[in-house]
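What follows is the residue order along each chain.
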Amino acid sequence: MEHWYIPATIIPGIGLLILSTSNLLVSLSTELKVLITEDTAKEILIKRKLQQLKLLNSAMVFLYIAVASFVISTLVSGVSKTVETNFDSAIYITIMGITSALLGLIALIIYSYRAVKIRQDQFNNKC
């Protein structure tokens, strides 16, 4: 990989995704804690929110793997360029990072759609 710095430039963007996803995770965990302590909480709602929590956790794992892949790819590319060896595996590590980031983004998209659906169901049941 001739341009070893390219994977490194993607890392801050994924870091922002991790930060916002962790904020969602904390918020959902707090909401679940309140729902579990309520006597009138519906078990179905709690189960749906627990599934959402699991989905967010999966997204976080994929994003962490993506960052790790990009860091390793950058390191391997930089070292092989410095040592002047022909070590082309960095492109495969980068592709793994991109795939992992995409899987994390897909999980976040699914989470977003489900979160809106859960809120709509909560509103419709209150009326």
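The preceding data block contains the structure.
All values reported here derive from a predicted model rather than from experimental measurement.

## A look at the pattern of salt bridges
Here's step 1: Inspection of the entire model under this criterion finds 5 salt bridges.
Here's step 2: In this structure, E31 and R119 form a salt bridge, with 3.0 Å as the shortest nitrogen-oxygen distance. Taken together, the positions of E31 in helix α1 (residues 6–37) and R119 in helix α3 (residues 90–126) put the pair 88 residues apart, joining distant regions of the chain.
Here's step 3: Here D121 ties to K117 by a salt bridge, and the two come within 3.3 Å at their closest N and O atoms. In this pair, D121 and K117 are both assigned in helix α3, 4 residues apart and thus about one turn of the helix distant.
Here's step 4: Residues joined by salt bridges that share partners form a network here, namely E31, K49 and R119.

Rules used throughout
- Residues numbered from 1 in each chain as written.
- Predicted model: local features only at pLDDT ≥ 70, side-chain atom pairs only at ≥ 80, totals over all residues.
- Heavy atoms only, no water.
- Salt bridge = Lys/Arg side-chain N within 4 Å of Asp/Glu carboxyl O.
- Helix = DSSP H or I, 4+ residues; strand = E, 2+ residues; numbered from the N terminus.

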